[in-house]
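Close look at the chain arrangement
Listed here are the chains, written in short residue letters.
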Amino acid sequence: MRSKILKTFALGLILSASSVMLYGQELPIAAGPFKPSDPSFKQYQYPTWFRDAKFGIWAHWGPQAVPRQGDWYARNMYIEGSEQYKYHVAHYGHPSRFGYKDIIPLWKAEKWDPEKLMALYKKAGAKYFVSMGTHHDNFFLWNSSLHRWNAVKMGPHKDVVGLWQAAAKKHGLKFGVSEHLGASYTWYQPAHKADTAGQYKGVPYDGNDSQYADLYHTRASPDDNGWLSKDRTWAQEWYKYIRELVDTYHPDLLYSDSQFPYDDVGRAMLANFYNGNIAYNKGQMTAVYNCKQPSEGMWVQDLERGVQDSISPFPWQTDTSIGDWYYRTGQTYKSATDIIQMLVDIVSKNGNLLINIVQTPEGNIEPDILTTLDEIGKWTAANGEGIYGSRPWKIFGERPENTAAVKAGNFNEDRIKYTANDIRFTSNGKKLYAFLLDTPTGAIRIKSLGKSSAVNTRKIMSVNLLGSTDKIQWQQEADALVIKKPANLPAWKVLGFKVELGD
C-alpha cells in the first residue's frame, strides 16, 4: 500500500496544488495522493516512528498560566461568580476594564529554556514532543502573518513553536503541534456578556468591544453552543489559520482538541496536512493526526485523560497532564509510578502516552516535577526495551479477579487503580515482556504462561528481570508461570520481566 501511495504522490508532483470549493470559498490543498474524502483517507498508513515511540511530552503552555489559576482561565474569568472570576476581580480588576487581552502582555516566559527542557524530556524517555499551537484563548504561539494576537508580536515576543521545534530537532525528537482553535469560537462567548448583579451590573465585558473581535470573536447565534461552531465562516477561518501553522512548520503530528472538526472543511485540512507532509519529507510520510473520534484507520484517535479497555486494532493515544492543564498554585502532580503504570497499560493496548509537563508562567518547571522526570528516565532506561518498538501480544494482560471493568473512553483515568496483580504484556519477536504494575508481596503467578494455557503455546526459554543482573528463579506449572520474588528489587514499583520464547 505504501508504494502505491508514493507512486500516486510522484504523479501528484506533476500537478499544481488543488483546491475545493466549500460554502462559496476556495480552500487550497497541497497536491498529493490524499483527497478530502473518507475513502481517500483509508489509504493512510501509520508511520513506524509513531508506533515505535510510545511516549511523548506536551507543553500545554501559554498566557493562561500567568494568573496561576489553572485551566480555562480566559473563559472562566468572564463567568460571573466563578473562582477564576473572583480571583481576576480581586487581583486585576473587573473584566469590563481589565480583560484577557490585558493578561497577554504579562506573559514574558523569561525563564524558558527550550533546549534545556528538551534535554530533560529526552532523558526521561520521550520520543516525541508536542508544542501548543493555540489554545481556546485564540492566542497563537507561532509567528503568524494572519493574526496579530501571537507570541512574536506580544507577550514573550518569541516564536514559541519555532523554538520548541528547533530544540526537538536538535535532540532527535519528532515534533508536533496542538490546535484548540476549533472550539474557541463558542468557548469564548462568555466574554460577550456582563454581570447580572452588583456594581458592574449590565456593564459589558471587554469582549464586546469591536476592536478586539479578532481575539474574542464576534457574538455567536443563540443556538450555536456546541463544542464546535455551526458557523461556516468560522470554519473557513479555522482552516486558514491551521493551514498556515502546518505549512509553516511542517510538524510530524497535528492534534485537534475536538472530534473530527468541521466536516468537509476538516477533510480539506487533513488532505492538505497529509499531502504537505509527504512533499516536505520528499516522498516519505511521517504525518500523524490526532482527534477525539474513532479513526477507522484514517488518523490516530485520542482519548483525553482516558484509556482503552482492550487492544485497539488501530494505534491510538492518551493525552493527559501531570497536573492541571495550566499552572495552578498549590496543585498536586502525578507521581512517576502513576505515569509509568499508565504508560505500560496504554502500550499493552496498542497506544501511546502523551503527557503535559506543567510549566510556570515564567517557563521553567518545579523541583518536584524534575524529580518525577528523573525517576521516569531511570525506569525507561532499564525497561525501555519492553516499551519502545514493541507491539501488543495476543492479550493485553491479566487483571485481578472480581475487579470492576472500566470501559474505554475519555476522563476515566481516575477510576483505574493498578495493583501487583495487574500484569501487562508487550512483545517484540520472540521476546515477551510481562510488567507487574506494582510491587509484588510474594511469588508472582502469570496464568497466561502456564503449561496448560491456551494463550501461549511456545516454550519458555528464560526469564529475566529488567534492570537487574540477579538470576531469576522460575518454574512453569500447569496453571501459571511462577516467579519467585527476587530478593533485590529495582528502585521502582513497576517491574518488567523479559520472557524469551522458543519456536
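This is a predicted model, so every value here is computed, not measured.

What follows deals with the packing of helix 13 (residues 336-348) against helix 14 (residues 367-383). Relative orientation of the contacting elements helix 13 and helix 14 amounts to 45°, with a least axis distance of 9 Å. Taken as axis vectors, helix 13 and helix 14 run oblique relative to one another. Pair helix 13 / helix 14 crosses with right-handed handedness. Residues Ala336, Ile339, Ile340, Leu343 and Val344 of helix 13 form the contact with helix 14, whose participating residues are Thr372, Glu375, Ile376 and Trp379. By residue class, the composition of the contact of helix 13 with helix 14 is 7 nonpolar, 1 polar and 1 charged.

Right, let's talk about the sheet that holds strand 16 (residues 474-476) for a bit. Reading across the sheet, the 3 strands line up as 14-17-16 and stay open at both edges, with antiparallel pairing between neighbours. Each having just a single partner strand, strand 14 (444-446) and strand 16 make up the two edges of the open sheet. In this sheet, neighbouring strand axes are inclined to one another by 15° on average, regardless of whether the strands run parallel or antiparallel. Pairing analysis gives 3 bridges linking strand 16 to strand 17 (residues 481-483), with the strands arranged antiparallel. Among the inter-strand pairings, Trp474 is bridged to a residue of strand 17, identified as Ile483.

The next subject is the UniProt feature "domain: Alpha-L-fucosidase C-terminal" (unreviewed entry) in the protein. Under the UniProt annotation, the feature "domain: Alpha-L-fucosidase C-terminal" (unreviewed entry) is placed at residues 420-487. Each end of residues 420-487 is marked by a C-alpha atom, and these two atoms are 16 Å apart; helix forms 0% of the span and strand 40%.

Using the criterion set out here, one finds 28 salt bridges in the structure. Across the salt bridge formed by Asp206 and Lys101, the nearest N and O atoms sit 2.9 Å from each other. In this pair, Asp206 is assigned in the loop between helix 9 (184-187) and helix 10 (213-216) and Lys101 in helix 6 (residues 100-103), connecting sequence segments 105 residues apart. Assigned by exposure class, Asp206 and Lys101 land together as buried. Lys292 is the salt-bridge partner of Asp319, the closest N and O atoms lying 3.7 Å from each other. Of this pair, Asp319 sits in strand 9 (residues 316-321) while Lys292 is found in the loop between strand 7 (288-291) and strand 8 (300-304), placing the two residues 27 residues apart along the sequence. Asp319 sits in the buried class, given a relative accessible area of 0%. According to the relative accessible area criterion, Lys292 is buried, its value standing at 17%. Look at the salt bridges and you will find they share partners, linking Asp257, Lys292, Asp302, Glu304 and Asp319 into a network.

This next bit is on the side chain of Ser427. Structurally, Ser427 is set in strand 12 (residues 423-428). If near-sequence neighbours (up to four positions away) are discounted, Ser427 is found in contact with Ser390, Arg391, Pro392 and Trp393.

Overall, the prediction assigns the protein a mean pLDDT of 95, with 96% of residues at 70 or greater. Within the model, the stretch residues 1-16 combines pLDDT values under 50 with 19 contacts to residues more than four positions away or in other chains.

A separate point is the nonpolar core. Counting residues in hydrophobic clusters, the biggest one holds 147 residues, and the most contacted among them are Tyr121, Trp164, Tyr274 and Tyr289. Counting residues per element, this core draws most heavily on helix 11 (residues 232-249), at 9 residues. For this core, the two domains that each supply at least three residues are domain 1 (20-291) and domain 2 (391-501). When residues no more than four places from it in sequence are discounted, the contact partners of Tyr289 are Leu254, Ser256, Phe260, Pro261, Met269, Leu270, Phe273, Tyr274, Trp299 and Val300.

Here we take up the environment of Leu481. In this structure, Leu481 sits in strand 17. Classification of Leu481 by relative accessible area gives buried; the value is 0%. The spatial distance from the C-alpha of Leu481 to the C-alpha of His91 is 61 Å, given a sequence separation of 390 residues. Excluding residues that lie within four positions of it along the chain, Leu481 makes contacts with Ile444, Arg445, Ile446, Leu449, Gly450, Ile460, Val463, Trp474, Gln475, Gln476 and Val499.

Moving on: helix 14. Across its 17 residues, helix 14 extends 24 Å between first and last C-alpha, which sits within 8% of the 24 Å expected from 1.5 Å per residue. Summarising the contacts, the buried residues of helix 14 are in contact with strand 3 (55-59), helix 7 (114-124), helix 13, strand 13 (431-436) and strand 18 (495-501).

In this structure the tally under the stated criterion is 34 aromatic pairs. Relative to Tyr128, the ring of Phe50 has its centre 5.7 Å away and its plane inclined at 55°; by these criteria the two rings are tilted. Separated by 78 residues along the polypeptide, Phe50 in helix 3 (residues 48-53) and Tyr128 in strand 4 (residues 128-134) bring together distant segments of the chain. Aromatic rings pair up to connect Phe34, Phe41, Tyr44, Tyr46, Phe273, Tyr274 and Phe314 into one cluster. Sitting over the face of the ring of Tyr388, Lys127 holds its NZ or CZ atom 4.5 Å from the ring centroid. For Arg305, the ring lying beneath its charged end belongs to Trp325, and the centroid distance is 4.8 Å.

At their nearest, the axes of helix 11 and helix 12 (residues 263-280) sit 10 Å apart, and the two run at 10° to each other. Between helix 11 and helix 12, the angle falls in the class roughly parallel. Where helix 11 abuts helix 12, its residues Ala235, Trp238, Tyr239, Ile242, Arg243, Val246 and Asp247 lie against Val265, Gly266, Ala268, Met269, Asn272 and Phe273.

So, about the sheet that holds strand 10 (residues 351-356). A barrel is described by the order of its strands in space; here 8 strands give the closed sequence 3-4-5-6-7-8-9-10, paired in parallel fashion. Strand-to-strand twist across the sheet, computed as the mean angle between neighbouring axes with direction ignored, equals 25°. As paired strands, strand 4 and strand 5 (residues 174-179) are joined by 6 bridges and run parallel to one another. Paired with Phe129 across the bridge in strand 5 is Phe175. Its contacts with the sheet put helix 13 on strand 3, strand 9 and strand 10, and the angle it makes with strand 10 is roughly 150°.

Turning our attention to the environment of Ile346. By the element assignment, Ile346 lies in helix 13. With relative accessibility at 0%, the residue Ile346 sits in the buried group. A sequence separation of 114 residues divides Ile346 from Ile460, and the C-alpha atoms of the two residues are 25 Å apart. When sequence neighbours within four positions are dropped, the list of residues in contact with Ile346 reads Val307, Trp316, Thr318, Gly351, Asn352 and Leu353.

Conventions and cut-offs
- Residues numbered from 1 in each chain as written.
- Predicted model: local features only at pLDDT ≥ 70, side-chain atom pairs only at ≥ 80, totals over all residues.
- Heavy atoms only, no water.
- Axes fitted to C-alpha atoms, helices over the stretch in contact; angles between N-to-C directions.
- Helix = DSSP H or I, 4+ residues; strand = E, 2+ residues; numbered from the N terminus.
- Parallel < 35°, antiparallel > 145°, perpendicular 65-115°, else oblique.
- Left-handed = near helix turned anticlockwise from the far one by under 90°.
- Contact = heavy atoms within 4.5 Å.
- Nonpolar A, V, L, I, M, F, W, Y, C, P; charged D, E, K, R; others polar.
- Pairing = 2+ DSSP bridges.
- UniProt positions renumbered as here; feature names shortened; annotations may be inferred.
- Salt bridge = Lys/Arg side-chain N within 4 Å of Asp/Glu carboxyl O.
- Buried < 20%, exposed > 50% of the residue type's maximum accessible area, 1.4 Å probe, protein only.
- pLDDT = per-residue confidence, 0-100.
- Core = buried A, V, L, I, M, F, W, Y, C linked by side-chain atoms within 4.5 Å.
- Domains from an automatic or database assignment.
- Expected span 1.5 Å × (residues − 1).
- Phe/Tyr/Trp six-rings, centres within 6.5 Å; stacked < 30°, edge-to-face > 60°.
- Lys NZ or Arg CZ within 6 Å of the ring centre and 35° of its normal.

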